[in-house]
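Structural characterization, general
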Amino acid sequence: MPIRQLSETMINQIAAGEVIERPASVVKELVENALDAGASRVEIVTAGGGLNLIRVTDDGSGIPERELALAIARHCTSKLTEDINDIRSLGFRGEALPSIGSVSRLSIRSRTAASDSAAEIGIEGGRVLPVRPAAANRGTTVEVRDLFFATPARLKFMKGERAESSATSDVVKRIAIAFPAVRFTLAGSDRSTLELPATDDSAEGSLRRVAQVMGADFPDNSIAIDAMREGVHLTGHVSIPSFTRANALQQYAYVNGRPVRDKLIAGAIRGAYADVLPRDRHAVTVLFLTLDPAIVDVNVHPAKADVRFRDPGLVRGLIVGAIRQALADAGVRAATTGAAGMMAAFRPGAASYGHGGPANGHRSYDAAYRASGPSGFDAARSPQRPLDMGFQGAGFDQRGLRDNEQAAFDAGASADARAGQDEAAETLLGAVLGAARAQVHENYIVAQTRDSLIIVDQHAAHERLVYEALKNALHSRPVPSQMLLLPEIIDLPEEDAERLALHSETLARFGLGIERFGPGAVAVRETPSMLGETNVGQLVRDLADEIADNDTVDTLKERLDKIAATMACHGSVRSGRLLKAEEMNALLRQMEATPGSGTCNHGRPTYIELKLADIERLFGRR
């Protein structure tokens, strides 16, 4: 077949295959155009998941009538200068509108502030319609109907209406977080209306927009981030370790205001939380990177979702370091969702005397039902019985508790019933975790502050304390190593061997002695003593892969930290051990002084806090 020039329509349809993956991609491109035009209000309407209709209306600067034909021509844009390295807008390729028009029925109606009337142009499957007068307010309305009607094969790859609508919502929310001063509305017959009122560009306004998108719980369970390194500025909010999600969909990242899904940023977030989250949980984050456009390449993919940094190690190090420092500075904090779950568990359920079994799964009702037997309700055994019934069982007499049962609540009782005879010192009540009052079930410490009740899992808390102490001892000096009787020679690609040799000094600090052994090979002479017998070849290959991806050697550090975590788990205070009041208070003070002590090594919370106001609500006092 001879070589020939493709038609303009075919070229645009090929470009649409890269840029227009699904209806959400169309919404993304059109909303970005609206924001680049300086819009303060963006309204999106969809139908049929976006396949039948997408309409985006804005109040931006508009397009002059004489430029409408250029707006739908390939590689025509008002956003790019002669310098491809100085990209300061969301769009810049000039491909979106002609690509959309080649696979749908597209119309653009626009009016500038200086014009007395609007104008409209359309494209149907790549065929351009003439410009005609129209009526419209200042701004632009872009309407896309029958998406992919010109390429029916693409329709077979679309998901259901609900899935496409959900993807569109996610795109709008992701963009809206970066533009808090813009009002967004997403409506249509295929969805419930999403309204995001405008706030402002201040830090408080940005956080209010984040709360609109991610829920009111996030600001209460997040930590502010603000760090700078070598011209790269990182801001945003990250969740405390006890506030997590089952997937990474709630991790939002922006580079110069552009929403991105970058594996380097995602990997840096995982690395920053590696010590405090279990593997199946993910942090909730909103991070903004601001840097010189010349040192980041946003022209990596036509959809502009991926970026490439000139110095990826700098960016990764900034994110990991800033998040870890913020978590350490935040001290001890418990997620508010833990208190909400605790209150739900405490709320009493309604029971009916005529019910055939236990009500709502409450243990008191369950026990009363089993004790009553087949004969039905027994008032003497009911949890709701009045105390003056003359019931003589289970430690009760006519006056209430018998003397020996009441003694457990008197001063001088054991630590399991009361942490001490005297009231806690005022200074302890003012501490973050308060003063220990009791130990219950030989594992949980009950503490009191001036305005809350705190329950601490003693094993989980002490496990974190021991782990942090082991890590500090491990990384404050070179890791002890063991000499191999015979050096292990590992064959590698030449570039991997070179990378390992460049990081040999860092690896030596972690107890791994590596040196070059001819072309395409390294010799391992020492390994960290903590690892014991290990697969040296696999360890070295894993390190080579990580250096190639991130230019770091965290794999070895993570393995050593994992051993330290195992040692901490076995060396900490066990469940079932009775603690004296002094020991409980000492544990609380150590928790307050230890970064990350809000969760154990496995990511479980070490304590739950219930505010006094919540307790009063449970008892109907508020």
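Scoring rules and cut-offs
Residues numbered from 1 in each chain as written. Predicted model: local features only at pLDDT ≥ 70, side-chain atom pairs only at ≥ 80, totals over all residues. Heavy atoms only, no water. Core = buried A, V, L, I, M, F, W, Y, C linked by side-chain atoms within 4.5 Å. Buried < 20%, exposed > 50% of the residue type's maximum accessible area, 1.4 Å probe, protein only. Contact = heavy atoms within 4.5 Å. Helix = DSSP H or I, 4+ residues; strand = E, 2+ residues; numbered from the N terminus. Expected span 1.5 Å × (residues − 1). pLDDT = per-residue confidence, 0-100. Pairing = 2+ DSSP bridges. Axes fitted to C-alpha atoms, helices over the stretch in contact; angles between N-to-C directions. Arc of directions from axis to C-beta. Salt bridge = Lys/Arg side-chain N within 4 Å of Asp/Glu carboxyl O. Parallel < 35°, antiparallel > 145°, perpendicular 65-115°, else oblique. Left-handed = near helix turned anticlockwise from the far one by under 90°. Nonpolar A, V, L, I, M, F, W, Y, C, P; charged D, E, K, R; others polar.

We now examine the nonpolar core. Ranked by internal contacts, the top residues of the largest apolar core, which has 91 residues, are Val-42, Phe-184, Tyr-273, Leu-289, Ile-319 and Ile-323. Among all residues touching Val-42, those that are not within four sequence positions of it are Val-31, Ala-34, Leu-35, Val-56, Thr-57, Val-182, Arg-183, Phe-184 and Thr-185. In terms of nonpolar packing, the next biggest core, distinct from the first, is built from 22 residues, Leu-500, Leu-512, Val-536 and Ala-544 among them.

All right, on to helix α10 (residues 312-330) then. Between its terminal C-alpha atoms α10 stretches 27 Å, which fits the 27 Å expected from 19 residues at 1.5 Å a residue. Burial in α10 covers these residues: Leu-314, Val-315, Arg-316, Leu-318, Ile-319, Val-320, Ala-322, Ile-323, Ala-326 and Leu-327. The first or second residue beyond α10 is Gly-331, which carries a positive phi of 70 degrees.

Turning to the confidence of the model for the protein, a few remarks are in order. The predicted model of the protein has a mean per-residue pLDDT of 80, with 81% of residues at 70 or higher. Of all secondary-structure elements in the protein, the lowest mean pLDDT belongs to helix α12 (residues 363-372), at 39, while strand β2 (residues 53-58) reaches the highest, 96. Scored below 50 in pLDDT, residues 350-422 shows 76 contacts in the model against residues more than four places distant or in partner chains.

Now for the pairing of strand β16 (residues 285-290). Among the six residues of β16, five are classified as buried, and the element is accordingly described as predominantly covered. As paired strands, strand β11 (residues 232-239) and β16 are joined by six bridges and run antiparallel to one another. Bridge pairing links Val-238 to Thr-285 in β16. Relative to β16, strand β13 (residues 251-255) runs parallel, the two sharing five bridges. Following the sheet pairing, Tyr-254 is matched in β16 by Phe-288.

Attention shifts here to the sheet that holds strand β24 (residues 481-491). Across the sheet, which stays open at both edges, the three strands sit in the order β24-β26-β25 with antiparallel pairing between neighbours. The open sheet has two free edges, formed respectively by β24 and β25 (513-516), since each of these has just one partner strand. Averaged over all neighbouring strand pairs, the angle between strand axes comes to 20 degrees, with direction disregarded. The strands touched by helix α16 (residues 494-502) are β25 and β26 (521-528); relative to β25, the strand with the most contacts, the crossing angle is about 130 degrees.

The next point concerns the sheet that holds strand β23 (residues 452-457). Here we have four strands laid out as an open sheet, ordered β21-β22-β23-β27, and antiparallel in their pairing. Looking at which strands have only one partner, the edges of the open sheet turn out to be β21 (435-440) and β27 (607-611). This sheet shows a mean twist of 20 degrees between the axes of neighbouring strands, independent of strand direction. One ladder, built from five bridges, connects β21 with strand β22 (residues 444-448); its direction is antiparallel. Paired with Val-440 across the two strands is Tyr-444, which belongs to β22. Each of β21, β22 and β23 touches helix α15 (residues 458-475); the most contacted strand, β23, lies at about 70 degrees to it. Lying over the sheet, helix α20 (residues 581-593) contacts β21, β22, β23 and β27, oriented at roughly 120 degrees with respect to β21.

So, about α20. Taking 1.5 Å of rise per residue, the 13 residues of α20 would be expected to cover 18 Å, and the 19 Å separating its terminal C-alpha atoms lies within 8% of that figure. Among the residues of α20, Ala-581, Met-584, Asn-585, Leu-587, Leu-588 and Met-591 are the ones counted as buried. Angular distribution of buried residues about the axis of α20 spans 155 degrees; they occupy a single face of the element. More than 90 degrees from the buried face of α20, the exposed residues found are Glu-582 and Ala-593. Residues of α20 that are buried make contact with α14 (426-429), β21, β22, β23, α15 and β27.

By the definition in use, this model includes 24 salt bridges. The residue Asp-170 makes a salt bridge to Arg-174 at a minimum N-O spacing of 3.8 Å. Of this pair, Asp-170 and Arg-174 both sit in helix α6 (residues 161-178), four residues apart, which is roughly one turn of the helix. A salt bridge links Lys-611 to Asp-451, with the nearest nitrogen and oxygen atoms 3.8 Å apart. Note that Lys-611 is positioned in strand β27 and Asp-451 in the loop between β22 and β23, a separation of 160 residues in sequence. For Lys-611, a relative accessible area of 35% puts it in the partly exposed group. Each of the salt bridges in this network shares a partner with another, and the network as a whole consists of Lys-28, Glu-29 and Glu-32.

Moving on, we get to the packing of α6 against helix α7 (residues 203-214). Contact pair α6 / α7: the axes reach a minimum separation of 9 Å and the direction vectors enclose 170 degrees. Taken together, the axes of α6 and α7 are roughly antiparallel relative to one another. Two packed elements cross with a definite hand, and for α6 against α7 that hand is left-handed. For the pair α6 and α7, the contacting residues are Lys-173, Ala-176 and Ile-177 in the first and Arg-209, Val-210, Val-213 and Met-214 in the second. By residue class, the composition of the contact of α6 with α7 is five nonpolar, no polar and two charged.

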